[in-house]
Amino acid sequence: MQKYSVFSLIKNAFSDHQNWEVAWKDPTPKKEYDVIIIGGGGHGLATAYYLAKEHNITNVAIIEKGWIGGGNVGRNTTIIRSNYMHDDNALFSEFGMDLWRKMSQDLNYNVMFSPRGIINLAHSDAQMNAYSRRGNSMRLNGIDAVLLNREEVQKRIPMADFSDNVRFPIFGGLMQPSAGTARHDAVAWGYARQADSMGVDIIQNCEVTGFDVNNGKIVGVRTSRGDIKAKKVGLCVAGSTNILAEMLNMTLPIETHLLQACVSEPVKPLLDHVVTFGAGHFYCSQSDKGEMVMGGDLDGYNSYSQRGNLPTLQHVLTEGIAMFPFLSKLKMLRTWGGIMDMSMDGSPIIDKTHIDGLYLNCGWCYGGFKATPASGWTFAHTIAQDRVHELNAGYSLNRFNTGDLIDEKGLGTKTWIS
Amino acid sequence: MLYIFCPHCGLRSQNEFAYGGDATVKRPELNKEISDQEWNNFVYLRKSPRGKHLELWHHISGCRQWIKVERDTSTHEIFKTYKADELTE
């Protein structure tokens, strides 16, 4: 594989950039693979990469209905963080933070990881207490957390509404300085290119239509491009999980919901951090192109439509304007939606299933992007070793049965409620 | 914007309603012995189909009645709405 560097860039400039190698091939499916990963999004591509890199399993296919990176990995607001309170989430995410820091070097692909820090705003004394507790929990797990008072927040984001007569005055905030953003498409493409170079077949425009299960063991998948045999199959299909589960006669603790995001027209650099509103659900950062990247609540009812509805967008942006009044002067450039696999406790599932050789990776709710490397790494381990790693042991499918929920937000089963 | 026909009030905009989730899950009968598995099925497991979905909505800024709505989860088309005590088998 061609190495990307400043020298290869200069060299290719002489030939008008016409002679770059393709980043990944377009193979026809083989008859049989050791492992098939269904879903060519961030998590699926990362899983294939770590299967090859960490476990030396290269007879792998990724099967994708559309094109790689066309789902949630290309639709999110690119936020990366590990500001969780519960141990299972905190340790898993912080392991992921390490992978993020090394990712551009590891993949020889600039994912533009930008650890610009995230600030969660607090709007009451009670919220400051809650953030103090969360920050302490984070620090006990080795994650950086700083509690900011009102003045310290004002120094960092002076454009927020610090006037006297606001409904939700800013009391302070909790900051994770090492959190940040990354170029989401580059993450998908970087993993795809490396996985491909190690022998993984990336098969696009190939829809799974069924599964072959024999005596409780998976033996293959049926696709729109023919039947393919496999010793092991991993599902990484986010919002489409329930569609595949139905083909397997499985009912899961997952509902599929729609989440919208939007960007404004580009403006000069003014926002250095990722900032979240504490009295509702709104988050905002500024892209390198200058657009304000924004998101918030789910639309709030089961949906597979991948396009949003105006009332929720209006509600979310009302919160945005309460936090950053200048947003009201900006024009909206784009809005879009993606479908989220909302689990019943708000935490993901990375586990084996009752079918031998079938593995499940789902339930990411609206936090899937930041988890991409850690999810791929632990899912690859779970598939290769046929047992969960201690990092994803808490993310079991059975926890709903045993009562070992990871209810980070305390929302109960209605994780879609806003 | 969804427009939902409330069987009590008529056609109203989505803004007046709160979503209440899958209307097909059945609470186990309390006068029987209930296994953990049955509770698990009731509390946590959801079919979440792509296509027709029978769901509960609460007309919270209207008559405050719970209603059932049959809606397509991929096109958002609403086929029919029912009072809460209809379709209980």
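Residues numbered from 1 in each chain as written. Chains lettered and ligands numbered in written order. Predicted model: local features only at pLDDT ≥ 70, side-chain atom pairs only at ≥ 80, totals over all residues. Heavy atoms only, no water.

## A short note on the overall build of chain A
Here comes step 1: The helix and strand inventory of chain A stands at 10 helices and 18 strands.
Here comes step 2: The C-alpha atoms of chain A give a radius of gyration of 22 Å, which matches the 22 Å a tight globule of 418 residues would have.
Here comes step 3: When its C-alpha atoms are laid out on the principal axes, chain A stretches across 70 × 65 × 40 Å.
Here comes step 4: Across chain A, contacts joining residues at least 24 apart in sequence account for 74% of those joining residues at least 6 apart.
Here comes step 5: Accessible surface, chain A: about 17400 Å² in total, of which carbon and sulfur atoms supply 50%.
Here comes step 6: Across chain A, the centroid of the 39 positively charged side chains sits 3 Å from that of the 42 negatively charged ones. (Helix = DSSP H or I, 4+ residues; strand = E, 2+ residues; numbered from the N terminus. Rg over C-alpha atoms; globule rule 2.2 N^0.38 Å. Contact = heavy atoms within 4.5 Å. Areas by Shrake-Rupley, 256 points an atom, 1.4 Å probe, with all protein chains shown as cover. Lys, Arg positive; Asp, Glu negative; His and termini not counted. Charge placed at Lys NZ, Arg CZ, Asp CG, Glu CD.)

## Observations regarding the pairing of strand S6 (residues 78-83) of chain B
Here comes step 1: Across 5 bridges, strand S5 (residues 66-72) of chain B lies against S6(B) in antiparallel orientation. Paired with B:Glu70 across the strands is B:Lys80, a residue of S6(B). (Pairing = 2+ DSSP bridges.)

## Description of the interface of chain B and chain A
Frequently, the measure chosen for interface size is the accessible area removed from exposure when the parts meet.
Here comes step 1: Contacts between the two partners involve 25 residues from chain B, matched on the other side by 26 residues from chain A.
Here comes step 2: Inspection of the region where chain B meets chain A yields 1 salt bridge.
Here comes step 3: Here B:Arg46 and A:Glu255 are joined by a salt bridge, their closest N and O atoms 3.6 Å apart.
Here comes step 4: Between chain B and chain A we count 11 residue pairs in polar contact (both at pLDDT 80 or more) in total.
Here comes step 5: Listed by contribution, the elements that provide at least two residues to the side of chain B that touches chain A are strand S3 (18-22), helix H1 (36-43) and strand S4 (52-58) of chain B.
Here comes step 6: At 4 residues, H1(B) tops the list of elements feeding residues into the side of chain B that touches chain A.
Here comes step 7: Split into classes, the residues belonging to the side of chain B that touches chain A amount to 8 nonpolar, 12 polar and 5 charged. (Salt bridge = Lys/Arg side-chain N within 4 Å of Asp/Glu carboxyl O. Polar contact = N/O pair within 3.5 Å; in protein donor to acceptor, adjacent residues only side chain to side chain. Nonpolar A, V, L, I, M, F, W, Y, C, P; charged D, E, K, R; others polar.)

## What to know about the sheet that holds strand S12 (residues 254-264) of chain A
All names here are of chain A.
Here comes step 1: Read across the sheet, 8 strands follow the order S5-S6-S4-S13-S14-S15-S12-S16 without closing on themselves; strand pairing throughout is mixed. Single-partner strands in this sheet number two, and they are strand S5 (146-149) and strand S16 (332-343). Strand-to-strand twist across the sheet, computed as the mean angle between neighbouring axes with direction ignored, equals 25°.
Here comes step 2: Pairing of strand S4 (residues 118-122) with strand S6 (residues 172-176) involves 5 bridges; the strand directions are antiparallel. Counterpart to Asn 120 in the pairing with S6 is Leu 174. (Axes fitted to C-alpha atoms, helices over the stretch in contact; angles between N-to-C directions.)

## Considerations on the pairing of strand S1 (residues 32-38) of chain A
Residue and element names in this part refer to chain A.
Here comes step 1: The element S1 is largely enclosed, with a buried count of 5 among its 7 residues.
Here comes step 2: Bridge count for S1 against strand S11 (residues 226-235) is 6 bridges, and the pairing is parallel. Paired with Val 35 across the strands is Lys 232, a residue of S11.
Here comes step 3: One ladder, built from 4 bridges, connects S1 with strand S2 (residues 60-63); its direction is parallel. Within S2, the position partnered with Val 35 by the bridge is Val 60. (Buried < 20%, exposed > 50% of the residue type's maximum accessible area, 1.4 Å probe, protein only.)

## Details of the side chain of A:Glu255
Here comes step 1: Mapped onto the fold, A:Glu255 is located in strand S12.
Here comes step 2: We classify A:Glu255 as buried; its relative accessible area is 2%.
Here comes step 3: Within the local environment of A:Glu255, its side chain forms a polar contact with the side chain of A:His257, the two groups lying 2.9 Å apart.
Here comes step 4: Apart from residues lying up to four places away in sequence, A:Glu255 is in contact with A:Asn242, A:Asn302, A:Met340, A:Asp341, A:Met342, A:Met344, A:Trp416, B:Arg46 and B:Ser48.

## Concerning the packing of aromatic side chains
Here comes step 1: For the structure shown, the criterion picks out 19 aromatic pairs over all chains.
Here comes step 2: When the ring of A:Phe168 is compared with that of A:Phe277, the centres are 6.0 Å apart and the planes differ by 85°; the resulting orientation is edge-to-face. Of the two residues, A:Phe168 sits in the loop between helix H5 (150-156) and S6 while A:Phe277 sits in strand S13 (residues 274-277), which places them 109 residues apart along the sequence.
Here comes step 3: Classification of A:Phe277 by relative accessible area gives buried; the value is 6%.
Here comes step 4: Ring centres of A:Tyr301 and B:Tyr19 lie 6.5 Å apart, and the angle between their planes is 70°; on these two criteria the pair is classed as edge-to-face. Here B:Tyr19 lies in strand S3 and A:Tyr301 lies in strand S15 (residues 292-302), a pairing that spans two chains.
Here comes step 5: Here B:Tyr19 falls in the buried class, since its relative accessible area comes to 9%.
Here comes step 6: Here a set of aromatic residues connected by ring pairs shows up, and it is made of A:Tyr301, B:Phe17, B:Tyr19 and B:Trp57.
Here comes step 7: Lying over the aromatic face of A:Tyr4, A:Arg193 brings its terminal NZ or CZ to 3.5 Å of the ring centre.
Here comes step 8: Geometry around B:Phe79 places B:Lys52 over its ring, the cationic atom sitting 4.6 Å from the centre. (Phe/Tyr/Trp six-rings, centres within 6.5 Å; stacked < 30°, edge-to-face > 60°. Lys NZ or Arg CZ within 6 Å of the ring centre and 35° of its normal.)

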